[in-house]
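Examination of the molecular architecture
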Amino acid sequence: MKIRLILCSLAAAVSAFAVSGCGSSAPKGAEGVADHVIVLPVPEREPGQTDVLNLVTEPMDTVRVAFVGLGMRGGDAVRRYTYIPGVKIVALCDVYEDRVKASNAYLQERGFPAAQEFYGDTASWRQMVALPDVDLVYICTGWDWHTPIAVQAMKEGKHVAIEVPAAMSIDECWELVNTAEKTRKHCMMLENCVYDNFEMATLNMAQKGLFGEVIHVEGAYLHDLRSMNFALEGEPGHYADMWRLKQNTKRTGDVYPTHGLGPISQILGIHRGDRMKTLVSMNTDEFGMTAYAKEKFGDTSAFARTPYKMGDHTTTLIRTEKGKTMMVQHDVTSPRPYSRIHQVSGTKGFAQKYPMMGIALEAGNEALSNDYQNLSGHSYVSPEVLDKLLADYQHPVIKQVGAQAQEVGGHGGMDFVMDYRLIYCLRNGLPLDMDVYDAAEMSCLTGLSELSIENGSAPVAIPDFTRGAWNRLQGQTYAFTPADAAALGVEVK
Ligand SMILES: NC(=O)c1ccc[n+]([C@@H]2O[C@H](COP(=O)([O-])OP(=O)(O)OC[C@H]3O[C@@H](n4cnc5c(N)ncnc54)[C@H](O)[C@@H]3O)[C@@H](O)[C@H]2O)c1
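Definitions and limits used
Residues numbered from 1 in each chain as written. Predicted model: local features only at pLDDT ≥ 70, side-chain atom pairs only at ≥ 80, totals over all residues. Helix = DSSP H or I, 4+ residues; strand = E, 2+ residues; numbered from the N terminus. Rg over C-alpha atoms; globule rule 2.2 N^0.38 Å. Buried ≥ 20, exposed ≤ 12 C-beta atoms within 10 Å, placed from the backbone. Contact = placed C-beta atoms within 7 Å. Pairing = 2+ DSSP bridges. Right-handed = clockwise from strand over helix to strand, strands pointing away. UniProt positions renumbered as here; feature names shortened; annotations may be inferred. Domains from an automatic or database assignment. Nonpolar A, V, L, I, M, F, W, Y, C, P; charged D, E, K, R; others polar. Axes fitted to C-alpha atoms, helices over the stretch in contact; angles between N-to-C directions. Near = placed C-beta within 6 Å. Arc of directions from axis to C-beta. Core = buried A, V, L, I, M, F, W, Y, C linked by C-beta atoms within 7 Å. Parallel < 35°, antiparallel > 145°, perpendicular 65-115°, else oblique. Left-handed = near helix turned anticlockwise from the far one by under 90°.

1. Some words on the overall build of the protein chain
Of the regular secondary structure elements, the protein chain holds 17 helices and 16 strands. Taken against the 2.2 N^0.38 rule, which gives 23 Å for 493 residues, the C-alpha radius of gyration of the protein chain at 23 Å falls within 12% of a compact globule. In the protein chain, which comprises 493 residues, the share counted as buried stands at 45%. Intrachain contacts of the protein chain at a sequence separation of at least 6 include 72% that bridge at least 24 residues.

2. A closer look at the pairing of strand E6 (residues 136-139)
One face of the sheet, then the other: side chains in a regular strand alternate in exactly this way. Alternating residues of E6 divide into Leu136 and Tyr138 and Val137 and Ile139, and every residue in both groups is buried. Sheet analysis places strand E3 (residues 63-68) next to E6, joined by 4 bridges and oriented parallel. Residue pairing in the sheet places phenylalanine 67 in a bridge with tyrosine 138 of E6. Pairing of E6 with strand E7 (residues 159-162) involves 4 bridges; the strand directions are parallel. Its bridge partner lying in E7, valine 137 is registered against valine 160. Regarding the hand of the β-α-β motif, the stretch spanning E6, helix H5 (residues 146-155) and E7 is right-handed.

3. A word on the UniProt feature "domain: Gfo/Idh/MocA-like oxidoreductase N-terminal" (unreviewed entry) in the protein chain
When the UniProt feature table is mapped to this numbering, "domain: Gfo/Idh/MocA-like oxidoreductase N-terminal" (unreviewed entry) covers residues 63-189. Summarising residues 63-189: 41% helix, 21% strand, and an end-to-end C-alpha distance of 17 Å.

4. Topic: the domain arrangement of the protein chain
Segmentation of the protein chain into domains returns domain 1 (2-39), domain 2 (63-190) and domain 3 (194-399 + 452-487). When each unit is reduced to the centre of its C-alpha atoms, the spacing between domain 2 and domain 3 is 26 Å. Every contact between the two is made by 9 residues of domain 2 and, on the other side, 9 residues of domain 3. The greatest single-element share of the side of domain 2 that touches domain 3, amounting to 3 residues, is contributed by helix H6 (residues 170-183). Taken together, the residues that form the side of domain 2 that touches domain 3 break down as 7 nonpolar, 2 polar and no charged.

5. Here we look at the sheet that holds E7
Taking strand neighbours across the sheet as the criterion, the 6 strands line up as E5-E4-E3-E6-E7-E8 in an open arrangement whose pairing is parallel. On the outer flanks of this sheet lie strand E5 (116-118) and strand E8 (187-189), each paired with one strand and no other. Across the sheet, the mean angle separating the axes of adjacent strands is 20 degrees when strand polarity is ignored. Sheet strands touched by H5: E3, E6, E7 and E8. Its angle to E7, the strand with the most contacts, is close to 165 degrees.

6. Some remarks on the site of the ligand
For the ligand, the set of nearby residues contains 27 residues, the closest of which are Gly69, Gly71, Arg73, Thr122 and Ala240. In terms of residue count, the dominant contributor to the shell around the ligand is helix H2 (residues 72-81) (3 residues). Class assignment of the residues belonging to the shell around the ligand gives a composition of 15 nonpolar, 8 polar and 4 charged. Two domains each donate at least three residues to the shell around the ligand, and these are domain 2 (63-190) and domain 3 (194-399 + 452-487).

7. A few points about H2
Count 3.6 residues to each turn of an α-helix, and residues three or four apart come out pointing the same way. Of all the residues in H2, the buried ones are Gly74, Ala77, Val78 and Tyr81. For H2, the buried positions fall inside an angular range of 100 degrees around the axis, keeping them on one side.

8. Overview of the pairing of E3
Here E3 lies mainly inside the structure; 5 of its 6 residues are buried. Bridge count between E3 and strand E4 (residues 87-93): 6 bridges; the pairing is parallel. Within E4, the residue paired with phenylalanine 67 across the bridge is leucine 92.

9. Details of the environment of glycine 489
Examined against the element boundaries, glycine 489 turns out to sit in the segment after helix H17 (482-488). For glycine 489, a count of 8 C-beta atoms within 10 Å translates into the label exposed. Residues glycine 489 and isoleucine 341, spaced 148 residues apart in sequence, show a C-alpha to C-alpha distance of 30 Å.

10. Remarks on the nonpolar core
Of all hydrophobic cores here, the largest spans 128 residues; its most connected members are Phe67, Ala150 and Leu176. Filtering out sequence-adjacent residues up to four positions away, phenylalanine 67 remains in contact with Gly74, Ala77, Val78, Leu92, Cys93, Tyr138 and Cys140.

11. Quick look at the packing of helix H14 (residues 396-408) against helix H15 (residues 414-428)
Across the interface, H14 lies against H15 with an axial gap of 8 Å and an inter-helix angle of 125 degrees. Overall, the two elements H14 and H15 adopt an arrangement that is oblique. Between H14 and H15 lies a crossing of right-handed hand. Only Phe416, Val417, Tyr420 and Arg421 of H15 make contact with H14, whose side of the interface consists of Val397, Val401, Gly402, Gln404, Ala405 and Val408. Residue classes in the contact of H14 with H15 are distributed as 7 nonpolar, 2 polar and 1 charged.

In structure tokens, the structure reads:
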């Protein structure tokens, strides 16, 4: 009984939660059982409010873009946008005047007209998002500003593109969803990793049946950011006002889940035929931040004495409605090679990107042509066969823009593919590759993993942000104009 009582009363103490399943009988030898799940309330839609699945808006010849947040990420976004046809950069905003001036100088160097400037404080974006001649607000600030700026911009009639994660709490996720549904504006989270070559190729392979039924997927953000988190102003990699370090201080859980989660969500068709139903999350204690702070600043320094709430390594396990599992990890504190894992395991095959890129496919795979011989699920295909698979299953989006993306760059080109696709879809009045539900689903792990950890790794129900429509669309799609679809050999449904 002890376990059941502790867990039930613990959940009851958290006023917003409903708790299900407290009454199960205990297995032999156990004192009690706690199969209950923390369930958060789902806000009701207002009268007349409907979902924005497959939202399309009027095609626009030129997309007028306003950028807010011109640090390491935003500055490069402005550069990339100068290579996209049909874009006019009309406004630039940052707290710091010199960052706005530098991006504006760059625009003019590249032969574009100067943009309107907004700077000076953390609220000047309000004037910018109210400008009448802006179609899209592109948000690259630190995390706490993502949702407030996006919500206000949508209310001002703008589409929004938000850096990752789009939201930092469940309330913020719902705010984005509700505002997008009420305003009928696009709200896309800028999850660039779905556009990387291997991720897109494995999506294509999965959709063509190479892996059979995909049953388990893994993703991660394993990236040693200690030097950046502790970089002081003027040092390389410094985050403005050390915003990321502050997040490590006040938050726990997986605060940066989207790079790992994005590509594997697309493979499982999350809110396009399946949905993430329940998660449990567990983390280590914090060791690495304090150790690094002591080394860099000394044992008695303020940085070394600061309590960092975030555990070094967080693992979240998710079960989907259709009985699949997902594992998502986060660690920005340990010295280890960069990895997003990107693992796909199915009834007929397996793929993994990190630490070693490889694909294994069972012999006799009906989805494959006779070109592929001597396959075995027990071992990776040879490097030559891997190259052939990646070429044969290159995603149409990479065929469309991959070559130009290699030239423009941005994380090996994937950033440019993402930007190009966003503008392409807006200009052609097509549904965007990722919608507000993707933004909410991928971002909700921030709040839900924290909730699970703070409640002894209790299971937490993942809200259905579509409020019942998760099974209406079937599978991730990328939209093209009829002419481009024909040129790329894409079947138009
Ligand atoms: N998708 C990716 O691969 C990727 C890579 C790096 C960063 N990011 C994301 O990009 C965002 C920015 O990261 P960064 O590395 O550029 O950080 P940064 O600290 O270099 O830049 C943030 C900028 O936002 C500005 N800013 C903050 N609050 C503002 C406000 N209220 N109004 C106007 N400007 C404001 C800051 O002055 C700063 O110039 C973060 O959300 C981060 O997670 C994504």
